[in-house]
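Summary of structural features
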Amino acid sequence: MKLNRRRFLGTATLATAALSAPAVLGQTRPRVVVIGGGSGGGTVARYIAKDSNGAVDVTLIEPTRRYYTCYFSNLYLGGFWDYDALGHGYGTIARTGVNVIHDWAVGVDRDVKTVALASGDSVSYDRLVVAPGIDFVEGSVPGWNVSQQSLMPHAYKSGTQVQLLKHQIETMREGGLFVMVAPPNPYRCPPGPGERVSMVAHMLTQSNPTAKILIVDPKENYSKQALFEEGWERHYPGMVTRIGPDMGGDDFEVRPESMEVVIDGEVEQADVCNVIPAQKAGRIAELAGLTNDSGWAPVMPADMRSRVDENVFVLGDASAQGDMPKSGFSANSQAKVVANVIRGELTGSRIFPARYSNTCWSLIATDDGVKVGANYEPTDEKIASVSSFISQTGEDADLRRQTYEESIGWYNGIVADIFG
Amino acid sequence: MKPRLVLTFCLGLALIPMEALSQASPIGDATTGAEVYRRECASCHQIGEGAVHRIGPHLNRIFDRGAGSHSDFRYSDALLRQGRDGLKWDLRRLDAYIENPRALVSGTRMSYRGLKDAQRRADLIAYLRVYSDQPQNIPEASPTAVIREVDLPESVLAIEGDVEYGEFLSSECTTCHQRTGSDAGIPGIVGWPEEDFVVAMHAYKQKLRPHAVMQSVAARLDDEEIAALAAYFHALARE
Ligand SMILES: Cc1cc2nc3c(=O)[nH]c(=O)nc-3n(C[C@H](O)[C@H](O)[C@H](O)COP(=O)(O)OP(=O)(O)OC[C@H]3O[C@@H](n4cnc5c(N)ncnc54)[C@H](O)[C@@H]3O)c2cc1C
């Protein structure tokens, strides 16, 4: 029996090699392929493999060998976290039984249910999970494109960009100007830009206290605004200025070569410029035909199933699901719902109603942490928020320190949940 | 080997229907709400892109806004005072204000008789919600849906209420809630479907429904007692 099976596999591989589609390989066990090994994809792959005890064949496709979290990358900027401590490998996920392939997915054929890889190989699936995070909308910041990311870094995807940004801030001239071009809604991590400004201010206050920070923001308001503004006033008085749409913050252009930022017709000379462009689902979601005009991939609220293909799930930042913010916490929460549903469909295990939640912590200054969170429930139309909470302005220092410590606990918890 | 076995037997399992998993319900229907808005509000208020103050202030981003907080609109002193005291337009306050403006802010300049129909209010609020902060962008924004009040185990709902005991217990209720079922001032509770009654009382007990008095009444009722009251008030309607 064993021998036969091995021989069967051998011939199958050979027979299909010419077509570079080893589709029959998966016939014995149902196959799940996950595109993207970030917060969402890493979680879903690990949970399906772990909970199905090998009954499901799980393949994770992720180009990088180490995942650097965006969460806490602002704390790295501020000097509160090591760069190395942001990185996490795929060893444990692989040991859980996930077949980790370090490659790019370059196409999805949803009719024959295969994913094409950059190497030329292809893998077939019974259920596909697409979790590629974000890409930037070309042309959304006039004057900027991705090829200029070394002059004006975005530092809004995981990896080395944030090291570059930190280096630029560290070597900025005395009394220089740091400009942040903030993104329009929706974008990943709603309080992310505010937290970044806080951390840059913290850094500058120590090393370059006469430097200034200018935020150019096309949005009228943003997450945790009252908390950030209170904190900036208290910790970094006079350092931060924000230009909202009422002052021309929605009418700007950047000139990376000359480091100029033109706001409402007026030229500002920047020393460091952090451009965070408008965002959309990671490109593979679009290539797979899962996105709509918004640039995001609409999903069913009950289980993150693509609205265009019942064998495909989209989760994390790439999905358009409703009220959940695009965060690592949300992606992780959604992934557990998807893992439960996929395993149930493929093995007959029990499927439970979705439970979604999110909390985002932000650090404003040393020991000054704040948080915002909510519970979510699926309705017919979307994942809807049903309750929320947020740190209050004027909280005492003890509570803020506890909140910060809680955030470290969260970071260690979520990366252990995914990668540890 | 075991996992494979499971597989053989269960692979054919069908997808479970979406509806079965849905739990929360939207605040109301925004499309219907647009119609309510046109009839009830549009003669005084603007909403949407480019909306400006008219007889009343524009209603963009009304959710979570402090009462009387547009610096460029002239409010009544009453509304300004309430705003200073912390009145915010969350779901509950908006609902109360639209139902009867003067009951919430006596002295408001908004001369509107109020909208009694709870469903139409819910739809209207869902419509207003569309022009306020979207929680995916501002996670601290107001909810967009309401959760089913309490999830009670089947066993609690199945308790057969003891009507006689309920009659005894009801004396605490009838100090305020009239046995005739009249709802003048205080809601009538006679003739309610038993399940609704049970759910409502557990919602107070779990402090999911706001109202200090009802919360404290419910706090000391156990499952049997709530079922007994439900059975009693239900039966009372048939008398
Ligand atoms: C500065 C900053 C601070 C943040 N802070 C927080 C925070 O405090 N808390 C929080 O919860 N969230 C935070 N976030 C948001 C969080 O990082 C994202 O929301 C989260 O990572 C989304 O998870 P995801 O799985 O959708 O995408 P990602 O985690 O981005 O993972 C996507 C993965 O897909 C891979 N991929 C892309 N395309 C392909 C392809 N074609 N083939 C194969 N693989 C592909 C990528 O390499 C990547 O590893 C922050 C983000 C930023 C930028």
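Conventions we followed
- Residue numbers run consecutively from 1 along every chain, following the written order of its sequence.
- Lettering of chains starts at A and numbering of ligands starts at 1, both following the order in which they are written.
- In keeping with the model being predicted, local features are shown solely for residues with a pLDDT of at least 70 and side-chain atom pairs are shown and tallied solely at 80 or more, while totals for entire chains, interfaces and linings include all residues.
- In computing side-chain values, all of the structure's heavy atoms are included and hydrogens and water are not.
- We call two strands paired when DSSP finds no fewer than two bridges between them.
- Helix numbering and strand numbering both begin at the N terminus, where a helix is a DSSP run of H or I of at least 4 residues and a strand a DSSP run of E of at least 2.
- Helix axes use the C-alpha atoms of the stretch in contact, all axes being lines fitted to C-alpha atoms, and the angles between their N-to-C directions lie in the range 0 to 180 degrees.
- Here, two residues are considered to be in contact whenever any of their heavy atoms come within 4.5 Å of each other.
- Each residue is assigned to one of three classes by its accessible area relative to the maximum for its type, calculated with a 1.4 Å probe on protein chains only: buried under 20%, partly exposed between the two thresholds, exposed over 50%.
- By convention in these notes, a residue is near a molecule or strand provided one of its non-hydrogen atoms lies within 4 Å of it.
- Here a polar contact means two N or O atoms within 3.5 Å. Within protein one must be a hydrogen donor candidate and the other an acceptor candidate, and residues neighboring in sequence count only if both atoms are side-chain atoms.
- Ten residue types, Ala, Val, Leu, Ile, Met, Phe, Trp, Tyr, Cys and Pro, are classed as nonpolar, four, Asp, Glu, Lys and Arg, as charged, and the remainder, Gly among them, as polar.
- Buried area: the accessible surface (1.4 Å probe) lost by two parts on joining, summed over both.
- Salt bridge, as used here: a side-chain nitrogen of Lys or Arg that lies within 4 Å of a carboxyl oxygen of Asp or Glu.
- Source of the domain bounds: an automatic or database domain assignment.
- Centres within 6.5 Å make a pair out of two Phe, Tyr or Trp rings, where for Trp the six-membered ring is used; the pair is then stacked when the planes are under 30 degrees apart, edge-to-face when over 60, and tilted otherwise.
- Whether a charge lies above a ring is judged from NZ of Lys or CZ of Arg, which has to be within 6 Å of the ring centre and within 35 degrees of the ring normal.
- The crossover handedness rule: strands pointing away from the viewer, path from first strand over the helix to second strand clockwise, crossover right-handed.

**Side note on the sheet that holds strand β5 (residues 99–101) of chain A**
All names here are of chain A. Across the sheet, 5 strands lie side by side as β5-β2-β1-β9-β20; this open sheet has parallel pairing. Strand pairing shows two members of the sheet lacking a second neighbour, β5 and β20 (312–314), which therefore form its edges. With direction set aside, neighbouring strand axes in the sheet form an average angle of 15 degrees. As paired strands, strand β9 (residues 127–130) and β20 are joined by 3 bridges and run parallel to one another. Paired with V129 across the bridge in β20 is F313. The strands touched by helix α2 (residues 39–52) are β1 (31–35), β2 (57–61) and β9; relative to β2, the strand with the most contacts, the crossing angle is about 165 degrees. Of the strands in this sheet, β1, β9 and β20 are in contact with helix α9 (residues 328–347), which crosses β9 at around 170 degrees.

**Describing unusual backbone geometry**
All names here are of chain A. With omega at -10 degrees, the peptide bond leading from N185 into P186 counts as cis. Here P186 lies in the loop between β11 (177–181) and α6 (192–207). Here K113, not a glycine, exhibits a phi torsion of approximately 60 degrees, which is positive. Within the secondary structure, K113 is located in the loop between β6 (105–109) and β7 (114–117). A relative accessible area of 27% places K113 in the partly exposed class. The backbone phi angle of K224 is positive, close to 60 degrees, even though this residue is not glycine. The topology assignment puts K224 in the loop between β12 (212–216) and α7 (225–235).

**Some remarks on the site of the ligand**
Residues and elements named next belong to chain A. Taken together, 34 residues lie around the ligand, and G40, E62, Y67, R188 and D317 are the ones closest in. In the model, an oxygen atom of the ligand is placed 2.7 Å from a nitrogen or oxygen of the R188 side chain. Top element by residues in the shell around the ligand is α9. It accounts for 3 residues. Residues that form the shell around the ligand fall into these classes: 17 nonpolar, 11 polar and 6 charged.

**Some thoughts on the interface of chain A and chain B**
With 46 residues of chain A at the contact, the number on the chain B side is 31 residues. Between chain A and chain B, roughly 3200 Å² of surface is buried when both sides are summed, and carbon and sulfur atoms account for 59% of that area. For the interface between chain A and chain B, the tally reads 1 salt bridge. In this structure, the salt-bridge partner of R61(B) is E220(A), at a minimum N-O distance of 2.5 Å. Across the chain A-chain B interface, the total number found is 9 residue pairs in polar contact (both at pLDDT 80 or more). For the side of chain A that touches chain B, the secondary structure elements donating two or more residues are α9, β23 (368–378) and β24 (383–390) of chain A. It is β24(A) that contributes the most residues to the side of chain A that touches chain B, 6 residues altogether. Classifying every residue of the side of chain A that touches chain B by side-chain character gives 19 nonpolar, 15 polar and 12 charged.

**Brief notes about the domain arrangement of chain A**
Residues and elements named next belong to chain A. By domain assignment, chain A separates into domain 1 (5–17 + 26–135 + 279–353) and domain 2 (141–275). Between the C-alpha centres of domain 1 and domain 2 the distance comes to 32 Å. Its largest share of buried area at the contact with domain 2, domain 1 owes to N74, L77 and Q279, together 33% of the area lost on that side. Where domain 1 touches domain 2, the interface holds 2 salt bridges. Here D135 makes a salt bridge to K157, at a shortest N to O gap of 2.6 Å. On the surface where domain 1 and domain 2 come into contact, there are 11 residue pairs in polar contact (both at pLDDT 80 or more).

**Details of the sheet that holds strand β16 (residues 266–269) of chain A**
Residue and element names in this part refer to chain A. Read from one edge to the other, the open sheet built from 3 strands follows the order β14-β15-β16, with strand pairing classed as antiparallel. Looking at strand neighbours, the two that pair on one side only are β14 (252–255) and β16, the edges of this open sheet. Taken over all neighbouring pairs, the strand axes of this sheet differ in orientation by 20 degrees on average, direction set aside. Of the strand pairs in this sheet, β14 and strand β15 (residues 260–263) are connected by 4 bridges, and their pairing is antiparallel. Of the residues in β15, the one forming a bridge with E253 is V262.

**Brief notes about the packing of aromatic side chains**
Think of a pair of aromatic rings as described by two things: how far the centres are apart, and how the planes are tilted against each other in angle. Tallying each qualifying case throughout the model produces 24 aromatic pairs over all chains. Measuring from centroid to centroid gives 6.4 Å for F329(A) and W410(A), while their planes differ by 10 degrees, and the two rings are stacked. One end of the pair, F329(A), is in helix α9; the other, W410(A), is in helix α10 (residues 397–418), and 81 residues separate them in sequence. With respect to class, F329(A) is no different from W410(A); both count as buried. Ring geometry for F197(B) and F233(B): centres 5.7 Å apart, planes at 20 degrees, overall stacked. With F197(B) in helix α9 (residues 194–205) and F233(B) in helix α11 (residues 223–236), this pair connects stretches of sequence that are 36 residues apart. An aromatic cluster is present here, built from Y71(A), F72(A), W81(A), F329(A), W361(A), W410(A) and Y411(A) joined pairwise through their rings. A cation over an aromatic ring shows up here: K50(A) above the ring of Y47(A), its NZ or CZ 4.4 Å from the ring centre. Here the basic side chain of R129(B) rests over the ring of F63(B), its NZ or CZ set 4.8 Å away from the ring centre.

**As for the pairing of β12(A)**
Among the 5 residues of β12(A), 4 are classified as buried, and the element is accordingly described as predominantly covered. One crossover worth recording links β11(A) to the parallel β12(A) by way of α6(A), and it is right-handed.

**With respect to the pattern of salt bridges**
Residues and elements named next belong to chain A. One pass over the full model with this rule turns up 32 salt bridges over all chains. Measuring nitrogen to oxygen at the nearest pair gives 3.7 Å for the salt bridge that ties E230 to R400. Placement of E230 in helix α7 and of R400 in helix α10 is noted, with a sequence separation of 170 residues between them. With a shortest N-O distance of 2.7 Å, D417 and K336 are connected by a salt bridge.

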